[in-house]
Amino acid sequence: MTTDPWGRPIPIPQHPMAKRSMILGLIGLCGFFVLLVPVLLSPFAWYYGAVARREMDRAPTQWSNRSEATTGLVCGIIGTALLALAVMVGALVVGSLALLLTFEGGYSD
């Protein structure tokens, strides 16, 4: 850690994408259970968390807040998995309804 001329430690700046990733991940994950629309933010949280962690690995003395980036990354992964599950269930429901509505039953008048 570097110090100023008086010997006090200089704090390492926080990575801006780490906090953004955590906020988007938590909104996406919690919003899935409330409204289902905020889960669309989860892939962005995953991306920002991965970018922030990669930049922190390259220059560990330049950035801090690795835990926030990890939180956003994990919440983004879980939210993206829930989004994929919701899309598959939605496609299954729409496909089932389309099949039921086109089925005639074999009876004629």
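Summary of the structure given here. Source: prediction; values computed, not measured. (Residues numbered from 1 in each chain as written. Predicted model: local features only at pLDDT ≥ 70, side-chain atom pairs only at ≥ 80, totals over all residues. Heavy atoms only, no water.)

**Quick notes on the packing of aromatic side chains**
Applied cut-off: To pair, rings of Phe, Tyr and Trp, with the six-membered ring standing in for Trp, must have centres within 6.5 Å; the planes then decide the type, stacked if under 30 degrees apart, edge-to-face if over 60, and tilted in the middle.
The tally for this structure, following the rule as stated, stands at 2 aromatic pairs. Relative to Phe-33, the ring of Phe-32 has its centre 5.2 Å away and its plane inclined at 85 degrees; by these criteria the two rings are edge-to-face. An angle of 55 degrees between the planes, with centres 5.6 Å apart, marks the rings of Tyr-47 and Tyr-48 as tilted.

**A look at unusual backbone geometry**
Rules: Note on conventions: DSSP H or I runs of at least 4 residues are helices, E runs of at least 2 residues are strands, and numbering of each starts at the N terminus.
Positioned with a positive phi, Leu-36 is a non-glycine residue whose angle comes to about 75 degrees. With respect to the helices, strands and loops of the structure, Leu-36 is situated in the loop between α1 (16-34) and α2 (42-58). A positive phi angle, near 75 degrees, is found at Asn-65, a position not held by glycine. Mapped onto the secondary structure, Asn-65 falls in the loop between α2 and α3 (66-102).

Such coordinate-based values are descriptive only and should not be taken to indicate function.
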